[in-house]
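These are the residues of each chain, in order.
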Amino acid sequence: EGMAPPQRILFPPEKICMEWQHRQRAGAGLHNLGNTCYLNSVLQCLTYTPPLANYLLSREHSRSCQYFYEHLPVNLRQLLTCSFLGIGQRFVLGRPGDAREFLHCTVNAMQIACLSGRGNLDISSQATTIVHQVFRGFLRSRVTCLSCKAVSDSYEAFLDIPLDIKAAPSVTTALEDFVKMEQLDGENCFKCSQCDKVVAASKRFTIHHVPKVLTVCLKRVDQQGGKISKHVKYPAYLDLRPYTSQTAGEPLLYSLYAVLVHKGDSCHEGHYFCYTKASNGLWYEMNDTSVVLHDIDTVLRQQAYLLFYQV
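Everything quoted here is computed from the prediction, not taken from an experiment.

Undergrad: Can you walk me through the overall build of the chain in this structure?
TA: The helix and strand tally for the chain stands at 10 helices and 14 strands. Burial status across the chain gives 45% buried among its 311 residues. Pairs at least 24 residues apart make up 66% of the contacts formed inside the chain by residues separated by at least 6 positions.

Set out below in structure tokens:
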């Protein structure tokens with residue numbers, strides 16, 4: 001809201017295909033080259049993201065993004081090398097990494113690749129890449145002055161929604177807490193432009209623009225740096241409508257297609273693996289080189305760290 005319309009459409013939204021164009025069983029696993037389980041898990045979740053996979057398999061990127069095509073890796077070792085060197089200095093072969101951080105860096109790297117060679121683009125045009133149309137959403141922060149009732153809105157882009165799970169037994173409960181009204185008073189008072197003074201106010205976050213692919217992060221690090229290891233229930237189908245800025249209307253139903261799991265007693269060590277839903281509709285555990293068929297009940301019982309849903 002408030003943004004000028006894009007001067008260029010880099011990827012037509014009507015060409016984004018959310019359903020698999022080719023149906024087959026799950027593909028191969030990925031070798032762990034030394035603490036690369038976090039990377040393997042993220043790459044598997046992205047591989048089984050239908051709109052992204054359909055786009056890559058169509059070779060559309062070879063025409064619209066020459067940089068991405070020229071640097072398309074030909075084997076796993078090159079893929080890992082390109083990922084480490086091109087995505088960030090924090091990711092070093094042999095050193096453990098955080099899956100969420102790597103996911104953000106990977107999506108941002110794909111966005112940069114899509115913009116390469118495009119020249120100077122306005123902000124609105126940059127948002128029309130295949131990457132941002134699929135993965136990026138917007139939160140709205142609405143602050144209401146309790147004195148004059150004036151409303152102040154601000155917007156923030158997101159690649160995932162981080163949820164506090166300390167007191168939440170389920171993702172839906174954590175989402176309810178995420179959009180719950182917060183009182184701003186005492187040291188947290190709000191400077192109201194209408195009243196021209198510091199006043200008490202209410203503040204509330206809502207999901208204002210929903211992405212086609214919703215990633216939910218269950219925050220498993222506590223305030224002391226330890227790990228929150230409890231199981232948090234998450235649904236196979238999630239209605240996002242109650243947590244949006246416009247709660248009236250038809251359900252906004254999202255379907256679970258990948259679950260990234262962290263196993264271990266500490267957030268600073270342990271092992272990452274994931275469950276992905278292949279184009280044949282079946283679920284597979286992707287644990288480095290191991291690829292094993294599982295049922296949905298097993299998938300829903302995991303100690304999830306990242307949840308991937310698609311509209």
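Undergrad: Before we go on, may I ask you to explain the packing of aromatic side chains in this structure?
TA: Two numbers describe a pair of aromatic rings. These are the distance of the centres and the angle of the planes. Within this structure, the stated rule accounts for six aromatic pairs. Residues Tyr38 and Phe102 carry aromatic rings whose centres are separated by 5.7 Å and whose planes lie at 85 degrees to one another, so their mutual orientation is edge-to-face. Taken together, the residues Tyr38 in helix H1 (residues 37-47) and Phe102 in helix H6 (residues 99-115) connect sequence positions 64 residues apart. Take Tyr38: its relative accessible area is 1%, and that puts it in the buried class. Each ring, one from Tyr272 and one from Tyr305, has its centre 6.2 Å from the other, and the planes form 35 degrees; the classification is tilted. Remark: Tyr305 occurs in strand S14 (residues 304-310) and Tyr272 occurs in strand S11 (residues 271-277); sequence separation between them is 33 residues.

Undergrad: Explain the side chain of Gln133 to me, please; I cannot follow it from the model alone.
TA: Position of Gln133 relative to the elements: it lies in helix H8 (residues 130-135). At a separation of 2.7 Å, a polar atom in the side chain of Gln133 contacts the main-chain carbonyl oxygen of Phe11. At 2.7 Å, the side chain of Gln133 and the backbone oxygen of Thr128 are in polar contact. Beyond its immediate stretch of four places on either side in the chain, Gln133 contacts Phe11, Pro13, Ile16, Ala127, Thr128 and Lys212.

Undergrad: How do you make sense of the nonpolar core when you look at a structure like this?
TA: As a rule of thumb, soluble globular proteins bury nonpolar side chains together. Judged by nonpolar contacts, the single largest core of 43 residues is most densely connected at Ala99, Ile130, Phe135, Leu260, Leu306 and Phe308. Ignoring any residue separated from it by four or fewer positions in sequence, one finds Ile130 in contact with Phe11, Ile16, Tyr55 and Cys114. One finds Val216, Ile228, Val259 and Tyr275 within the second-largest nonpolar core, a separate group that totals 33 residues.

Undergrad: Sorry, what's going on with the sheet that holds strand S4 (residues 182-184) here?
TA: What the four strands build is an open sheet, ordered S2-S1-S7-S4; its pairing is antiparallel. A strand with exactly one partner marks an edge of an open sheet, and here the two such strands are strand S2 (151-158) and S4. Within this sheet the neighbouring strands show an average axis-to-axis angle of 30 degrees, counted without direction. Sheet topology places strand S1 (residues 137-145) next to S2; eight bridges connect them, and they run antiparallel. Its bridge partner being in S2, Thr144 is matched across the sheet by Val151.

Undergrad: Explain the packing of H1 against H6 here, please?
TA: Helix packing geometry: the angle between the two helix axes and the distance between the axes. One way to put it is that H1 packs onto H6 with a least axis distance of 9 Å and a crossing angle of 50 degrees. Regarding the angle of H1 to H6, the classification is oblique. In this structure, H1 meets H6 at a crossing whose hand is right-handed. Residues Tyr38, Leu39, Val42, Leu43 and Leu46 of H1 lie in contact with H6, whose contacting residues are Ala99, Phe102, Leu103 and Thr106. In the contact of H1 with H6, the residues fall into eight nonpolar, one polar and no charged.

Rules of the game
Residues numbered from 1 in each chain as written. Predicted model: local features only at pLDDT ≥ 70, side-chain atom pairs only at ≥ 80, totals over all residues. Heavy atoms only, no water. Helix = DSSP H or I, 4+ residues; strand = E, 2+ residues; numbered from the N terminus. Buried < 20%, exposed > 50% of the residue type's maximum accessible area, 1.4 Å probe, protein only. Contact = heavy atoms within 4.5 Å. Phe/Tyr/Trp six-rings, centres within 6.5 Å; stacked < 30°, edge-to-face > 60°. Polar contact = N/O pair within 3.5 Å; in protein donor to acceptor, adjacent residues only side chain to side chain. Core = buried A, V, L, I, M, F, W, Y, C linked by side-chain atoms within 4.5 Å. Pairing = 2+ DSSP bridges. Axes fitted to C-alpha atoms, helices over the stretch in contact; angles between N-to-C directions. Parallel < 35°, antiparallel > 145°, perpendicular 65-115°, else oblique. Left-handed = near helix turned anticlockwise from the far one by under 90°. Nonpolar A, V, L, I, M, F, W, Y, C, P; charged D, E, K, R; others polar.

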